[in-house]
Amino acid sequence: MTLTSDAPAPTSTERPLKQVHLAAHFPGVNNTTVWRDNSNAASQIAFSSFKHFAQNAERGKFDFLFLAEGLRLREHKGLIHDLDVVGRPNTLAVLAGIAAVTRHIGLVGTLSSTFNEPYELARQLASLDHLSGGRAGWNIVTTFDAFHGENFRRGAFLDGGDRYTRAEEFVAVARQLWDAWAADAVLADKATGEFLAEDAIGVVDHHGAQFDVTGFPTLPQSPQGRPVIVQAGDSADGRGFASRTAEVIFSRHSGFDDGQKFYTDVKGRLAAEGRHRDSLKILPAATFILGDTEAEARERSRETALLQVSPQTAIAFLEQVWGTDLGGYDPDGPLPEIDPVSTDQGVTRGRVRHDSDPAAIARGWRTLAEAEGLSIRDLVIRFAANHTFVGTPVQVAETINRHVQEDASDGFVIVGSSNPTGLDEFVDRVIPELQERGVYRTDYDQGATLRHTLGLPD
Amino acid sequence: MTARSPHTAPFHLGIALDGAGWHPAAWREPDARPGELFDLAYWVDLVQIAEAAGIDLVTFEDAFGLQSAGFGGVDSRRDEVRGRLDALLLATAIAPHTTRIGLVPTVTTTHTEPFHVGTATATLDYVSEGWGGWRVQVSGRAHEAAHVGRRSFPALDPAAVVAGTDPAQTALIEQLFGEAADTVEVARRLWDSWEHDAVIRDVPTGRFLDRDKVHYIDFAGDTFTVKGPSITPRPPQGQPVVFALAHQKVPYELATASADIVGITPRDDAHLARILEQLADAAATVIRTASEPLRVWSEAVILIEDSPDQARAALARLDAAHGGTYTSDTVILADTAANVAAQLLAWHDAGLDGVRLRPARLPADLVRITTEVVPALAAAGVLDRPADADTLRARLGLGLPENRYAGTTPAHLDLIGSAR
């Protein structure tokens, strides 16, 4: 996106400035995380990397840090994909470790409603909320395919059409479990010998299409009562689920016009659910490249893109659409003349698929490449390394602020391009600009829960 | 059993942490902190006391449901501690606060996902930088099965289970422990599924990973299959330490096949001799898949006062507060520190490798153990440790395990058998 430093924040006095909310996305297991550069050789799995990442984000007063999840290593052409950073910890466990080395920042993990059971996951999330003093959040994903199912007890048990039904029932059961202990259940009164109050723990007895859960949960109400619910679904079902259930949406709509459209649509659904507009925050994912000047930022963007899209990655990316081996093509040459091969499952497994018609995508790409004289690698960079914000720290801060003040978002999920230092520069240079504009906290409220930090109703 | 020289092999010490201590009235003691059982700081304090004294590992009790006084369903008692944090997450949150003590959470195998168990235990090993372990436990309680709602179990009768007299009970136990053995096998394969040098960052070929060093585990058991590989690279210890508490034949066989350490509960010398015979029988009938000989640790509930009379009185006072005599699956040593140390030395002389001590009261008996029993054992010369031990395995004298997949190609994997 093009940035201009003169895009003004609104000066209208009709409503107070909205506050910007930011999440820090741990560098992903995909091509955007640069590893082909010796300055970024830190381990993707060592706890020291998570600690640095989390403490830097907390230094930048981010609302929360965000961990994605993939429950199987990705495959490409029937083999484990070997071109990108790969390997990640168990999401819940590493968040528990991070809880111990941070004090204020929210801890949001991506966890499947398909390959977990409510009794266990609700308990783990409540444990994380206790251990972190009320900072736990759950990004619900509904992956259901047989490829991932092969790692789990029930395999491919869930029909795709039921994935949100299951997620919604999952959350409903989890809420019952989180609420089952009375607020003052634990007396721990040594004198009277009462550890529990009378009627301290209510039984949960749920019987639905997806779950039969009967019994007593093992934990008192956690500091937040219920962890913050985050959701990223974009389909009509996903938006409906989010408008009923989510407190944060992690969206793909980081463009301004597109962002406004999504924001208006989803916020507009809340009233019908009896929810206040501010009870749901919309945070699109965004990457960034900074420079002392706009020209320098563009130069760095190009350099980073070349590291993010190696010649091999360019071909592999194209193969996802063409559905066949393109190993013989020159990444610096023109796009293949052959048409895509239609396949049932695609050549790449373990990541979100292109839903559209491959032949149409290929035609569009060829037209674009011919019109602009793009090589295969140039074209792939256009799609797979398109940085959201490229500019000076002032430009990036003003763009973020404009999106927030003009209701294209409530903030962003910021993704760095290296691990674990990718957000250091953002914290050093962009955060102060936001703070100077009075739209971003200069410190956390003492003892704040994640829900409080996000400005969500309790 | 380890071939050992009883008087020179080091004796290892574990502390079993649970709530405010193992006596159900311990939470009412003057120094107990029953209002903080769900706070990280309480647990960090306890583990740091153990670490400072050179204890080898701490375990964290857990279950797939709320505590109850017996083996039946949840009771309505309000005078005992109820509620627990998830032990794996608790241990992982403690890990950044410690540097040289093993952290061994209880993780149930009956209703959990083996894949998640494998990655979670590996992650504990990463966060603790090589001090992670796992206490394997099954859930046979009918009310815990109802938390998931896809299986139903007959009510467990502990007496019949231990006696092995009821075929239905024995069948259930065999099923649960078979599943536990499968889960340990899956975890061990997942831990090995990345060779340690699988990440290559090879710029010329554009490859981050050498895919030939990452392996499918292709596990197929009676109740589940797991394809693999793990999403988590090989943990720092290679194979985190697996601990199994066992009271009878079937769990002895699980421990003998799969565990690094078995905890046993001898009431007296004759009982100890019988247990060791049963372990020897198990070793003759199962295939051991763990890389080193099984370590055998005893278990004891510990209450320490300055004189035997005072210790007995303290126990009686706790029992009175609780309204009944406390019983345990293992021996209760309510005595002086010197007499407790003498019993531990006797177990050492009998050839045992260590002991897991269950403090009756927290922090009181943990403090007594660390300040009085540990120095007595050190004076007896049984606590020598490798000076350079920087992982729990090294600390326990367990070697660096070979990776079962190293040097193999996928075509060879079907030669690797199941635990059973």
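Each value, and the rule that gives it
Residues numbered from 1 in each chain as written. Chains lettered and ligands numbered in written order. Predicted model: local features only at pLDDT ≥ 70, side-chain atom pairs only at ≥ 80, totals over all residues. Helix = DSSP H or I, 4+ residues; strand = E, 2+ residues; numbered from the N terminus. Rg over C-alpha atoms; globule rule 2.2 N^0.38 Å. Buried ≥ 20, exposed ≤ 12 C-beta atoms within 10 Å, placed from the backbone. Contact = placed C-beta atoms within 7 Å. Nonpolar A, V, L, I, M, F, W, Y, C, P; charged D, E, K, R; others polar. Domains from an automatic or database assignment. Axes fitted to C-alpha atoms, helices over the stretch in contact; angles between N-to-C directions. Parallel < 35°, antiparallel > 145°, perpendicular 65-115°, else oblique. Left-handed = near helix turned anticlockwise from the far one by under 90°. Core = buried A, V, L, I, M, F, W, Y, C linked by C-beta atoms within 7 Å. Pairing = 2+ DSSP bridges. Right-handed = clockwise from strand over helix to strand, strands pointing away.

### Structural notes on the overall build of chain B
Right, so step 1: Scanning chain B from terminus to terminus reveals 12 helices and 13 strands.
Right, so step 2: Its C-alpha atoms give chain B a radius of gyration of 21 Å, near enough to 22 Å, the size a compact globule of 420 residues would have.
Right, so step 3: Seen along its three principal axes, the alpha-carbon backbone of chain B occupies a region of about 75 × 50 × 45 Å.
Right, so step 4: Taking all 420 residues of chain B together, 54% fall into the buried category.
Right, so step 5: Considering only contacts within chain B whose residues lie at least 6 apart along the sequence, 77% involve residues at least 24 apart.

### Thoughts on the interface of chain A and chain B
Right, so step 1: At the interface, 63 residues of chain A touch 58 residues of chain B.
Right, so step 2: When residues of the side of chain A that touches chain B are traced back to their parent elements, those giving at least two are β4 (79-80), α2 (91-99), α3 (118-131), β7 (186-189), β8 (194-196), β10 (212-215) and α9 (311-322) of chain A.
Right, so step 3: In terms of residues, the side of chain A that touches chain B owes the most to one element, α3 of chain A, which gives 8 residues.
Right, so step 4: Looking at the side of chain A that touches chain B residue by residue, the classes come out as 35 nonpolar, 15 polar and 13 charged.

### Brief notes about the domain arrangement of chain A
All names here are of chain A.
Right, so step 1: Under the domain assignment, chain A is made up of domain 1 (21-180 + 206-290 + 390-453) and domain 2 (310-384).
Right, so step 2: Placing the centre of domain 1 and that of domain 2 at their C-alpha centroids yields a distance of 29 Å.
Right, so step 3: Counting residues at the interface gives 11 residues for domain 1 and 12 residues for domain 2.

### Re the packing of helix α10 (residues 337-349) of chain B against helix α11 (residues 364-379) of chain B
Residues and elements named next belong to chain B.
Right, so step 1: Running from N to C, α10 and α11 cross one another at 55°; their axes reach a closest spacing of 9 Å. Regarding the angle of α10 to α11, the classification is oblique. Seen along the crossing, α10 lies across α11 with a hand that is right-handed. Residues A337, A338, V340, A341 and L344 of α10 touch α11, and the partners they reach there are R368, E372, V373, A376 and L377.
Right, so step 2: When its residues are assigned to classes, the contact of α10 with α11 shows 8 nonpolar, no polar and 2 charged.

### Here's the deal with the environment of D329 of chain B
All names here are of chain B.
Right, so step 1: By the element assignment, D329 lies in the loop between α9 (308-322) and β12 (331-335).
Right, so step 2: Considering only alpha carbons, one finds D329 and I264, 65 residues apart in sequence, at a separation of 9.8 Å.
Right, so step 3: Setting aside chain neighbours within four positions, we find D329 in contact with H247 and T265.

### Some details on the nonpolar core
For soluble globular proteins, nonpolar side chains are generally found buried alongside one another.
Right, so step 1: Counting 251 residues, the largest nonpolar core has L65 and I414 of chain A as its most contacted members.
Right, so step 2: The element contributing the most residues to this core is helix α6 (residues 167-192) of chain B, with 10 residues.
Right, so step 3: Looking at which domains feed residues into this core, each of domain 1 (21-180 + 206-290 + 390-453) and domain 2 (310-384) of chain A supplies at least three.
Right, so step 4: Beyond its immediate stretch of four places on either side in the chain, I414 of chain A contacts L22, A23, A24, H25, A286, F288, L423 and F426 of chain A.

### A closer look at the sheet that holds β4 of chain A
All names here are of chain A.
Right, so step 1: Read from one edge of the open sheet, 3 strands run β4-β3-β14, paired in antiparallel fashion. Only two strands of the sheet have a single partner each, and these edge strands are β4 and β14 (348-349).
Right, so step 2: Taken together, the 2 bridges between strand β3 (residues 75-76) and β4 define a ladder with antiparallel strand orientation. Note on β4: the bridge partner recorded for H76 is L79.

### Description of the pairing of strand β10 (residues 261-264) of chain B
Residue and element names in this part refer to chain B.
Right, so step 1: Residue alternation in β10 divides its side chains into two sets, I261 and G263 and V262 and I264, and both sets are buried.
Right, so step 2: Relative to β10, strand β9 (residues 241-245) runs parallel, the two being bridged by 3 bridges. Each bridged residue has a counterpart across the sheet, and for L245 the counterpart in β10 is G263.
Right, so step 3: In this fold, β9 hands off to helix α7 (residues 249-258), which returns the chain to β10; that crossover is right-handed.
Right, so step 4: Inspection of the sheet shows β10 paired to strand β11 (residues 295-304) by 4 bridges, in the parallel sense. From the neighbouring strand, G263 faces β11, where its bridge partner is W297.

### Concerning the pairing of β9 of chain B
Working note: regular strand, side chains alternate between the two faces of the sheet.
All names here are of chain B.
Right, so step 1: Burial within β9 is extensive, with 5 of its 5 residues counted as buried.
Right, so step 2: Neither face of β9 is left uncovered, since the one carrying V241, F243 and L245 and the one carrying V242 and A244 both have all their residues buried.
Right, so step 3: In the sheet, strand β4 (residues 133-137) pairs with β9 via 4 bridges, with the strands oriented parallel. Residue R135 lies in a different strand from β9, and its bridge partner there is F243.

### Section: the environment of F243 of chain B
All names here are of chain B.
Right, so step 1: Its location among the elements puts F243 in strand β9.
Right, so step 2: The sequence separation of F243 and L294 amounts to 51 residues, and the corresponding C-alpha distance is 10.0 Å.
Right, so step 3: Other than its neighbours up to four places away in sequence, F243 contacts T59, V104, G133, W134, R135, A259, D260, I261 and G263.

### Describing the environment of W134 of chain B
Residue and element names in this part refer to chain B.
Right, so step 1: Among the secondary structure elements, W134 is positioned in strand β4.
Right, so step 2: Along the primary structure W134 and E185 are separated by 51 residues, whereas in three dimensions their C-alpha atoms are 13 Å apart.
Right, so step 3: Setting aside chain neighbours within four positions, we find W134 in contact with V104, P105, V107, T121, P240, V242 and F243.

### Here we look at the packing of helix α1 (residues 47-59) of chain A against α2 of chain A
Helices that pack against each other are described as a pair by the angle of their axes relative to one another and the distance between those axes.
Residue and element names in this part refer to chain A.
Right, so step 1: In the contact formed by α1 and α2, the axes pass within 10 Å of each other and the chain directions differ by 60°. One finds that α1 runs oblique with respect to α2. In terms of crossing hand, the pair formed by α1 and α2 is right-handed. Taken together, the residues of α2 that come into contact with α1 (itself represented by F47, F50 and A54) are V94, G97 and I98.

### Some words on unusual backbone geometry
Right, so step 1: Here the bond from N419 of chain A into P420 of chain A is cis, since omega is 0°, no more than 30 degrees from zero.
Right, so step 2: Here P420 of chain A shows up in the loop between β16 (411-415) and α13 (424-436).
Right, so step 3: The residue after L362 of chain B, namely P363 of chain B, is reached through a cis peptide bond having omega 5°.
Right, so step 4: With respect to the helices and strands, the residue P363 of chain B is situated in the loop between β13 (354-359) and α11.
Right, so step 5: Positive phi values are uncommon outside glycine, yet K77 of chain A reaches one of about 50°.
Right, so step 6: Note on placement: K77 of chain A falls in the loop between β3 and β4.
Right, so step 7: Backbone geometry at E129 of chain B places phi at a positive 55°, although glycine is not the residue there.

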